[in-house]
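Results of the structural survey
Residue-level listing of the chains:
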Amino acid sequence: DPKIIQKPKYLVAVTGSEKILICEQYLGHNAMYWYRQSAKKPLEFMFSYSYQKLMDNQTASSRFQPQSSKKNHLDLQITALKPDDSATYFCASSQDGTGNERLFFGHGTKLSVL
Amino acid sequence: GQQVQQSPASLVLQEGENAELQCNFSSTATQLQWFYQSPGGSLVSLLSNPSGTKHTGRLTSTTVTKERRSSLHISSSQTTDSGTYLCAPSGTNAYKVIFGKGTHLHVLP
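So, a few notes on the structure that sits alongside this text. All figures in this text were calculated on a predicted structure; none of them were measured in a lab. (Residues numbered from 1 in each chain as written. Chains lettered and ligands numbered in written order. Predicted model: local features only at pLDDT ≥ 70, side-chain atom pairs only at ≥ 80, totals over all residues. Heavy atoms only, no water.)

Thoughts on the pattern of salt bridges
All names here are of chain A. Counted under the stated rule, the structure contains four salt bridges over all chains. A salt bridge links E44 to R36, with the shortest nitrogen-to-oxygen separation between them at 3.2 Å. Here R63 ties to D85 by a salt bridge, and the two come within 2.8 Å at their closest N and O atoms. With R63 in the loop between β6 (53–57) and β7 (64–67) and D85 in the loop between β8 (75–78) and β9 (87–94), this pair connects stretches of sequence that are 22 residues apart. (Salt bridge = Lys/Arg side-chain N within 4 Å of Asp/Glu carboxyl O. Helix = DSSP H or I, 4+ residues; strand = E, 2+ residues; numbered from the N terminus.)

And the structure:
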């Protein structure tokens, strides 16, 4: 059973629209993250949350907004979508984000913006 | 910020051969993880090894913290080992784990 659930698995959107990527983890972790991977590029850190508080943000654009309604949820809202936003978005979690922990990933949401 | 260099960028082996993957990083790390990304894209944590040598199955990782480097040895490679191997050191800013570009491994039958 996957312990980090990302929905949907695939998403097609039109330029200018808004989408929400869902992430739920059932590992009992307190830290959650979003990463992005564009075609043939390395995994890129976007956000980290610990105990539902934003800890680090490496995304320049305010079009990307994480939302944490519960401790085990970290959704990603993307507004005014652009073709360059096309990528696979991975959600991850770790126990507390204190540095010596293992990171676990969901299977990703592949977003295509037309 | 943390910079991660992985080598080789790609590697082709015959099944049964061993693989040696290298990771060098620029800043102090208190944790070092190796991940496998399948051709389909899913990411799996292989092992975490902040220092010393660690074994799991056919994998051996050696991390020399002071020299900011880690290696991953895969013995008796199998076709199912094909994919991308990613190194991810983390340190004082634990909330941001940075990944290398990976080593793309292709094991031929």
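Having seen the structure, we can now continue with the description.
Digging into the sheet that holds strand β5 (residues 43–48) of chain B
The strands making up a sheet are joined through hydrogen bonds of the backbone, oriented either antiparallel or parallel. Residues and elements named next belong to chain B. With mixed pairing, five strands are arranged side by side in an open sheet as β2-β10-β9-β4-β5. Lying at the two open borders of the sheet, with one neighbouring strand each, are β2 (10–14) and β5. Each strand of the sheet is rotated relative to its neighbour by a mean of 25 degrees, with strand direction disregarded. Looking at chain direction, strand β4 (residues 31–37) and β5 are connected through five bridges and run antiparallel. Bridge pairing in β5 links F35 to S45. (Pairing = 2+ DSSP bridges. Axes fitted to C-alpha atoms, helices over the stretch in contact; angles between N-to-C directions.)

Topic: the sheet that holds β7(A)
Residues and elements named next belong to chain A. Ordered by their spatial adjacency, four strands build an open sheet running β1-β3-β8-β7, and the pairing between neighbours is antiparallel. The open sheet has two free edges, formed respectively by β1 (4–7) and β7, since each of these has just one partner strand. Ignoring which end each strand starts from, the neighbouring axes of this sheet average 15 degrees apart. Strand direction decides the pairing type here: β1 and strand β3 (residues 19–25), joined by four bridges, are antiparallel. Within the sheet, the bridge partner assigned to K7 lies in β3 and is I22.

Considerations on the state of the cysteines
All names here are of chain A. The full count for this structure, using the stated rule, is two disulfides over all chains. A sulfur-sulfur distance of 1.9 Å marks the disulfide that ties C23 to C91. Disulfide C23-C91: the torsion about the S-S bond is -70 degrees, which places it as left-handed. Placement of C23 in strand β3 and of C91 in strand β9 is noted, with a sequence separation of 68 residues between them. Residue C23 is classed as buried on the basis of its relative accessible area of 0%. (Disulfide = S-S within 2.5 Å. Buried < 20%, exposed > 50% of the residue type's maximum accessible area, 1.4 Å probe, protein only.)

Quick word on the interface of chain B and chain A
If you look at the interface, chain B gives 23 residues, while chain A gives 22 residues. Overall, the association of chain B and chain A removes approximately 1,800 Å² of surface from exposure, summing both partners, and the carbon and sulfur fraction of that is 55%. Among the residues chain B hides against chain A, the three largest losses belong to L43(B), Y95(B) and F99(B). Together they make up 37% of the total. Summed over the shared surface of chain B and chain A, the result is zero salt bridges. Only β4, β5 and β9 (83–90) of chain B provide two or more residues apiece to the side of chain B that touches chain A. When residues of the side of chain B that touches chain A are assigned to their parent elements, the largest contribution, five residues, is made by β5(B). When grouped by side-chain class, the residues that make up the side of chain B that touches chain A number 10 nonpolar, 11 polar and two charged. (Contact = heavy atoms within 4.5 Å. Buried area = accessible area lost by both parts, 1.4 Å probe. Nonpolar A, V, L, I, M, F, W, Y, C, P; charged D, E, K, R; others polar.)

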